[in-house]
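Structural description and commentary
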Amino acid sequence: MPKKLNGTVIVTYRCNARCNMCNRYKAPSDPKDEISLETIRKLPPMYFTNITGGEPFIREDIRDIVRELRKKSDRIVISTNGFFTDKIIELCKEFPDIGIRISIEGLEQTNNEIRGLPDGFNRGYTTLKKLREMGMKDVGFGMTVQDRNAPDLCELYKLSDELDMEFATASLHNSFYFVEARNIIHDRPMVAQHFEDLVNMLLKSNSPKKWFRAYFNHGLINYIYGQKRLLPCDMSFDTFFIDPYGDVMPCNGTKDKEVMGNLNEQSWDELWNSDQAEVVRKKVRHCDRDCWMIGSVSPAMHKYIWVPAWWVIRHKFKALFMKKPYSMYELKAVRDLRDGKVTKEELDKCSTCDMCAVANDGLKK
């Protein structure tokens, strides 16, 4: 029996939000070109599937998409801005075992400014509460941390904790997927301090899942300082993305779109085992972008479990004796910036930000 994969299905590049860190809304997909149910039926068995966009609930046939993917996948989580409350609620009534992650970029004013959605915070928060009232278990927030919203990080976590909801984090990335090349953290020590506070809160919890989330956020500090990934990247080997045009890709973090094959035109086995797929895998093995997004890190944390597990054991032991068992200064780059051994400008050059770049949009030409 073939090994099940981890898959992300980008069902549309259309989006109703106007986020300051993502220009995807400026380069939407044409509805007539978007991935069909016929193509979705050709996907392989998966142990986990993320449905994302754009905004996936813009698709009028989102219910049919979920119905087909449930036949393929052990677990499904949909990433959304939560704006289309009624559609989300109706979908979850039919499929109460799926997960919903709503992007909320801070408390009310901060979120609405960043996402460019009037009343976006209240819409998303209301959707989350209604899902909880329905008895949905797998619901939570997702937050992309930047200079502007970092001060809200721990407050938003506390809110999620009070509601007994999941809390996922990310930081700024540049890629064809975001149609952006100029995202960058300006005040690294400030942002890292808020991540440090969150890591300590997670370590002090009674949830093993949150302890491993603490490790993920430790990795985000490492990432915003432009350092090498803490874990290998195995994207394109046991994990894949498929975009609205049926193009199968290793991930959504590459500068330009890397295509392994097209599922509209090929069978899965033909595509996955093709020469072109091997070319892309070789590029992945030599990729220097050092992304730290949950789509690539979660599979790596499972595959190389001893690395985060040993980190968790060490810090949980410290938590028995220390109020703050974790310090961002465990990372050499953080200490070097503090001690003047490296400059902000030198760290900027380690990031994927390129102020002179023209962002690739990955659209069908």
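Residues numbered from 1 in each chain as written. Predicted model: local features only at pLDDT ≥ 70, side-chain atom pairs only at ≥ 80, totals over all residues. Heavy atoms only, no water.

Observations concerning the overall build of the protein chain
The line we're drawing: Helix numbering and strand numbering both begin at the N terminus, where a helix is a DSSP run of H or I of at least 4 residues and a strand a DSSP run of E of at least 2. Atoms considered for the radius of gyration are the C-alpha atoms alone. The globule rule reads 2.2 Å times the number of residues to the power 0.38. Note on classification: 1.4 Å probe, protein chains only; a residue is buried when its accessible area is under 20% of the maximum for its type, exposed when over 50%, partly exposed between these limits.
For the protein chain, the count of helices and strands is 14 helices and 9 strands. The globule rule puts the C-alpha radius of gyration for 365 residues at 21 Å, and the 20 Å found for the protein chain is close to it. Counting only C-alpha atoms, the protein chain reaches 55 × 50 × 45 Å along its principal axes. A total of 365 residues make up the protein chain; the buried ones form 58% of that total.

Points about the nonpolar core
The test is simple: Throughout, nonpolar core names a set of buried Ala, Val, Leu, Ile, Met, Phe, Trp, Tyr and Cys residues whose side chains join them through atoms within 4.5 Å. Residue contacts follow a heavy-atom distance rule, with two residues in contact if any of their heavy atoms lie within 4.5 Å.
In this structure, Leu-43, Ile-98 and Ile-100 are the most contacted members of the largest nonpolar core, which totals 105 residues. Looking at which element gives the most residues to this core, the answer is helix α8 (residues 208–224), with 8 residues. Not counting residues within four places of it along the chain, the set of residues in contact with Ile-100 comprises Phe-57, Ile-78, Thr-80, Ile-88, Cys-92, Leu-131, Met-136, Asp-138, Val-139 and Gly-140.

Observations concerning unusual backbone geometry
Along the chain, Gly-53 connects to Gly-54 via a cis peptide bond; the corresponding omega equals 20 degrees. Even without glycine at this site, Asp-164 takes up a positive phi of about 55 degrees. For Asp-164, the position within the fold is in the loop between α6 (153–162) and β6 (166–171). Taking the relative accessible area as the measure of exposure, Asp-164 reaches 59% and is therefore exposed.

A short note on the environment of Ile-65
Mapped onto the elements, Ile-65 comes out in helix α2 (residues 62–70). Classification of Ile-65 by relative accessible area gives buried; the value is 0%. In this structure, Ile-65 is in contact with Val-11, Leu-37, Ile-40 and Arg-59, ignoring residues within four places of it in sequence.

Some remarks on the sheet that holds strand β4 (residues 99–103)
Heads up, the condition is: Two strands form a pair only when DSSP identifies at least two bridges running between them.
The 9 strands lie next to each other as β6-β5-β4-β3-β2-β1-β7-β8-β9, forming an open sheet whose pairing is mixed. Looking at the sheet topology across the chains shown, the edges are occupied by β6 and β9 (261–262). Bridge count between strand β3 (residues 76–80) and β4: 4 bridges; the pairing is parallel. Within β4, the residue paired with Ile-78 across the bridge is Ile-100.

Overview of the pairing of β6
For strand β5 (residues 139–145) and β6, the ladder comprises 6 bridges, and the chain directions are parallel. Residue pairing in the sheet places Thr-144 in a bridge with Ala-170 of β6.

Points about the side chain of Arg-59
By the secondary structure assignment, Arg-59 is in the loop between β2 (46–52) and α2. On the basis of relative accessibility, which here comes to 5%, the residue Arg-59 falls in the buried class. Here Arg-59 is in contact with Val-11, Thr-12, Arg-14, Glu-34, Ile-35, Ile-65 and Lys-87, once residues within four sequence places are set aside.

Brief notes about the pairing of β2
Under the convention used in this document: For the handedness criterion, the strands are oriented away from the viewer, and a crossover whose path from the first strand over the helix to the second runs clockwise is classed as right-handed.
When you tally the buried positions in β2, you get 6 out of 7 residues, the bulk of the element. Here 6 bridges tie strand β1 (residues 5–10) to β2, and the two strands are oriented parallel to one another. Bridge assignment links Leu-5 to a residue of β2, and that residue is Met-46. Pairing of β2 with β3, which is carried by 3 bridges, proceeds in the parallel orientation. Each bridged residue has a counterpart across the sheet, and for Asn-50 the counterpart in β3 is Val-77. The parallel pair β2 and β3, bridged by α2, forms a crossover whose chirality is right-handed.

Points about the packing of aromatic side chains
Describing an aromatic ring pair means giving the distance of the ring centres and the angle of the ring planes. Here is the rule we go by: Aromatic pairs are defined between Phe, Tyr and Trp rings, using the six-membered ring for Trp, whenever the two ring centres lie within 6.5 Å; interplanar angles under 30 degrees are classed as stacked, those over 60 as edge-to-face, and all others as tilted. Over a ring means this: the NZ of a Lys or the CZ of an Arg is within 6 Å of the ring centre and within 35 degrees of the ring normal.
By the definition in use, this model includes 16 aromatic pairs. Between Tyr-304 and Trp-306 the ring centres are 5.8 Å apart and the planes differ by 80 degrees, which places this aromatic pair in the edge-to-face class. In this structure Tyr-304 comes out as buried when scored by relative accessible area, which is 17%. Three or more aromatic residues link up through ring pairs in this structure, and these residues are Tyr-215, Phe-216, Trp-292, Trp-311 and Tyr-326. The ring of Phe-83 carries Arg-123 above its face, with NZ or CZ at 3.8 Å from the centroid. In this arrangement the basic side chain of Arg-285 is found over the ring face of Phe-237, its NZ or CZ atom lying 4.4 Å from the centre.

Bear in mind that shape data such as this cannot, by itself, settle questions of function.
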